[in-house]
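Structural description and commentary
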Amino acid sequence: MPAFGPGDVVVARADRKSAPGTVSISSITGDGGRLSLDASDNCVGIAASATLALLPGVDCGVSLELHKGLPLGSGLGSSAASAAAAAAAVNALFGNRLTAEELVPAGLESEAAVSGRHADNIAPALMGGFVLVRGLDPVLDLQRLACPAADAIWFALVNPRFEAPTAKMRAALRKEVPMRELTANCAAGASLVAAILTGDVPLLGRSLNADVVVEPVRAPLIPGFAQVKRAALEAGAFGAAISGAGPTAVAVVPDPATGERVARAMSEAFLRHGGLETNSSQVVRLDSRGARQI
């Protein structure tokens, strides 16, 4: 069982035949032929170009290979994984002159081009662990959240064979929400941060489980999700929710054995109540390190 689950891998090579700042993509695997080799139309190319702009004195272009380990449209931060891998690879190619946090703006440019300007995926993908995004404009404001129980946080992830495009899931959100729902979600967000800082894993699960604004309108778009969430809780999860825009279901669990039981229960519920086969089922630990050179 992989400790931290699958991820994307980018290989970066100096291209001495190309002008400085030039980025090309030589190959992509694991995407089923769906992603563009045009660097200006691919999150790895955009992130690599933005990273080069942050590195003075680079006198050549860069050629990239992308190996997709995360499925597209899964709610697992697939675009951010690619962007983080590209930014980290280019930075490593030229001496690791930038910190992970300094690479976030490059990844943010990529996210803005392909899935919306938000740092909630790219920041932790690069920096690892829990990262609170306090603001983007006019200044990117990130806060690392140290968690004393980081090694004890496990997640069960089940990705069904169903795509939930971010644009469609975002369009489902309401323009206005009642004050009581907003108050409840603010309380859940505060509880989530408190759980991270105190290492209270059960509270982390309950806080994740308490969304009354977003999940109620997105869950009906994922066949069987209500029953999947119920199955996770009955199997021993501290809490369960839609991962990202979906359709992946994520549950906070106390240990790998419980995680395996919860993952099986969620997979069975997706099939029984939603008619959805499972693409992948895994139990993973919180990754406190983020993007890395391998």
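The name an unreviewed UniProt entry assigns to the chain is Homoserine kinase, from the organism Prototheca wickerhamii. In UniProt, the chain has this text filed under Sequence similarities (unreviewed entry): "Belongs to the GHMP kinase family. Homoserine kinase subfamily."

With that out of the way, let us pick up the sheet that holds strand β3 (residues 61-67). Spatially, β1-β3-β2 is the arrangement adopted by the three strands of the open sheet, whose pairing is mixed. The outermost strands of the open sheet, each flanked by one partner alone, are β1 (9-15) and β2 (23-29). Across the sheet, the mean angle separating the axes of adjacent strands is 20° when strand polarity is ignored. Here β1 pairs with β3 via seven bridges, running antiparallel. Paired with Ala 12 across the bridge in β3 is Leu 64. Against the sheet, helix α1 (residues 43-54) makes contact with β1, β2 and β3, and its axis sits at roughly 145° relative to β2, the strand it touches most. Where helix α2 (residues 78-93) meets the sheet, it contacts β1 and β3, and its direction lies at approximately 40° from that of β1.

So, on to unusual backbone geometry. What you tend to see is this: most non-glycine residues have negative phi, and most peptide bonds are trans. A cis amide bond, omega 0°, links Asp 137 with the succeeding residue Pro 138. Among the structural elements, Pro 138 can be located in the loop between β4 (130-135) and β5 (141-145). Between Gly 246 and the following residue, Pro 247, the backbone shows a cis peptide bond with an omega angle of 5°. Within the secondary structure, Pro 247 is located in the loop between β7 (239-242) and β8 (249-253). Backbone geometry places Asn 96, a non-glycine residue, at a positive phi of 50°. Structurally, Asn 96 can be placed in the loop between α2 and α3 (100-114).

Okay, the UniProt feature "domain: GHMP kinase C-terminal" (unreviewed entry) in the chain next. In this numbering, the UniProt entry assigns the feature "domain: GHMP kinase C-terminal" (unreviewed entry) to residues 193-270. Taken as a whole, residues 193-270 contains 55% helix and 12% strand, while its terminal C-alpha atoms sit 30 Å from one another.

The final tally for this structure, using the stated rule, is nine salt bridges. The shortest N-O distance in the salt bridge between Arg 134 and Asp 141 comes to 2.5 Å. Between Glu 215 and Lys 229 there is a salt bridge whose closest N-O contact spans 2.6 Å. Of this pair, Glu 215 sits in helix α8 (residues 215-218) while Lys 229 sits in helix α9 (residues 225-234), and the two are 14 residues apart along the sequence. The exposure class of Glu 215 is buried, given its relative accessible area of 9%. For Lys 229, a relative accessible area of 13% translates into the label buried.

Alignment of β4 against β5, held across five bridges, turns out to be antiparallel. Looking across to β5, one finds that Leu 132 is bridged to Gln 143. Counting the residues that bridge the hairpin from β4 to β5 gives five residues.

A separate point is the sheet that holds strand β9 (residues 278-285). Pairing is antiparallel across the open sheet formed by four strands, whose spatial order is β7-β8-β6-β9. Looking at the sheet topology across the chains shown, the edges are occupied by β7 and β9. When strand polarity is set aside, the average angle formed by the axes of neighbouring strands in this sheet is 15°. Bridge analysis of strand β6 (residues 154-160) against β8 gives five bridges, and the strand direction is antiparallel. Of the residues in β8, the one forming a bridge with Leu 157 is Val 250.

So, about the environment of Ser 36. Its place among the elements puts Ser 36 in the loop between β2 and α1. Its relative accessible area of 24% is what places Ser 36 among the partly exposed residues. Ser 36 sits eleven residues away from Ile 25 along the chain, and the two C-alpha atoms are 8.9 Å apart. With residues near it in sequence (within four places) discarded, Ser 36 still touches Ile 25, Ile 28, Asp 41 and Asn 42. Separated by 2.9 Å, the side chain of Ser 36 and the backbone nitrogen of Asp 38 make a polar contact.

Of all hydrophobic cores here, the largest spans 37 residues; its most connected members are Val 10, Leu 64, Val 90, Phe 94, Ile 122 and Leu 126. Secondary structure elements with two or more residues in this core: β1, β2, α1, β3, α2, α3 and α4 (122-127). If one sorts the elements of this core by residue count, α2 sits on top with eight residues. When near neighbours in sequence (up to four residues on either side) are disregarded, Val 10 contacts Val 44, Leu 64, Glu 65, Leu 66, Ser 82, Ala 85, Ala 86 and Ala 89. With 27 residues, the next largest nonpolar core counts Ala 156, Ala 219, Phe 270 and Leu 276 among its residues.

Scoring rules and cut-offs
- Residues numbered from 1 in each chain as written.
- Predicted model: local features only at pLDDT ≥ 70, side-chain atom pairs only at ≥ 80, totals over all residues.
- Heavy atoms only, no water.
- UniProt positions renumbered as here; feature names shortened; annotations may be inferred.
- Pairing = 2+ DSSP bridges.
- Helix = DSSP H or I, 4+ residues; strand = E, 2+ residues; numbered from the N terminus.
- Axes fitted to C-alpha atoms, helices over the stretch in contact; angles between N-to-C directions.
- Contact = heavy atoms within 4.5 Å.
- Salt bridge = Lys/Arg side-chain N within 4 Å of Asp/Glu carboxyl O.
- Buried < 20%, exposed > 50% of the residue type's maximum accessible area, 1.4 Å probe, protein only.
- Polar contact = N/O pair within 3.5 Å; in protein donor to acceptor, adjacent residues only side chain to side chain.
- Core = buried A, V, L, I, M, F, W, Y, C linked by side-chain atoms within 4.5 Å.

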